[in-house]
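Now for the letters of each chain:
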Amino acid sequence: MTIYIDTDFKCHTNPDGSYIAVETDFFAGKCAAYIEGYRFIPAGAEWTRPDGVVFHGEMVAPWKDWQRLDDAQREYERQLIAEYTEALGIVGVSV
């Protein structure tokens, strides 16, 4: 899938004209809120944190609170399951 990274390597799900498009399977099946809470440093690139620590790609790490990202992903998955069960006419399923 294609994600977009800004100059700080933060991920975005939509281009804005200045972001760099990157192909990765890491975020397959993830919701936008989850993806946009991550930093993705492609192979061969490096990012320097404000305190001077350098990180080399390929690297993927959350920059937002991970629990909130996980909560957003789980809610997204619950919604998908509810939509699928409704579309299939399945009754009695609790998500």
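Everything discussed here concerns the structure shown above.
Values in this document were obtained by computation on a predicted structure and should not be read as measured data.

Basis of the calculations
- Residues numbered from 1 in each chain as written.
- Predicted model: local features only at pLDDT ≥ 70, side-chain atom pairs only at ≥ 80, totals over all residues.
- Heavy atoms only, no water.
- Helix = DSSP H or I, 4+ residues; strand = E, 2+ residues; numbered from the N terminus.
- Rg over C-alpha atoms; globule rule 2.2 N^0.38 Å.
- Pairing = 2+ DSSP bridges.
- Salt bridge = Lys/Arg side-chain N within 4 Å of Asp/Glu carboxyl O.
- Buried < 20%, exposed > 50% of the residue type's maximum accessible area, 1.4 Å probe, protein only.
- Patch = residues over 30% accessible without salt bridge, like charges linked within 9 Å, V, L, I, M, F, W, Y side chains within 5 Å.
- Areas by Shrake-Rupley, 256 points an atom, 1.4 Å probe, with all protein chains shown as cover.

**Student:** Before we go on, may I ask you to explain the overall build of the chain in this structure?
**Tutor:** The helix and strand tally for the chain stands at two helices and seven strands. Counting from the amino terminus, the chain carries its helices and strands in the arrangement β-β-β-α-β-β-β-β-α. Over its C-alpha trace the chain gives a radius of gyration of 16 Å, far above what one expects of a compact globule, namely 12 Å for 95 residues. Based on the C-alpha atoms only, the size of the chain along its principal axes is roughly 55 × 25 × 20 Å.

**Student:** Would you mind showing me how to read the sheet that holds strand β3 (residues 20-23) here?
**Tutor:** The antiparallel open sheet is built from three strands, whose spatial order is β2-β1-β3. Only two strands of the sheet have a single partner each, and these edge strands are β2 (11-12) and β3. Where strand β1 (residues 2-5) and β3 come together, four bridges link them in antiparallel fashion. In the sheet register, T2 faces β3, and the bridge partner there is E23.

**Student:** Before we go on, may I ask you to explain the pattern of salt bridges in this structure?
**Tutor:** Considering all chains together, one arrives at five salt bridges under this definition. D70 is the partner of R74 in a salt bridge, and the nearest nitrogen-oxygen pair spans 2.8 Å. Within this pair, R74 and its partner D70 are both found in helix α2 (residues 66-88), separated by four residues, close to a single helical turn. Accessibility expressed as a relative area gives 46% for R74, which makes it partly exposed. In this structure, the salt-bridge partner of R78 is E75, at a minimum N-O distance of 3.3 Å. Taken together, the residues R78 and E75, both in helix α2 and three residues apart, mark about one turn of the helix.

**Student:** For this particular structure, what's the right way to read a nonpolar patch on the surface?
**Tutor:** There is a patch of nonpolar side chains on the surface, built from Y84, L88 and I90 and spanning about 340 Å² of accessible area. Its place among the elements puts L88 in helix α2. Residue classification places L88 among the exposed residues on the basis of a relative accessible area of 64%.

**Student:** Honestly, the pairing of β1 in this entry has me stumped. Any pointers?
**Tutor:** Side-chain direction in a regular strand flips from residue to residue, so the side chains alternate between the two faces of the sheet. With two bridges joining them, β1 and β2 adopt antiparallel strand pairing. Residue pairing for β2: Y4 is matched across the bridge by H12. Once β1 ends, the chain turns through five residues before running back antiparallel as β2, passing F9 with a positive phi of about 65 degrees.

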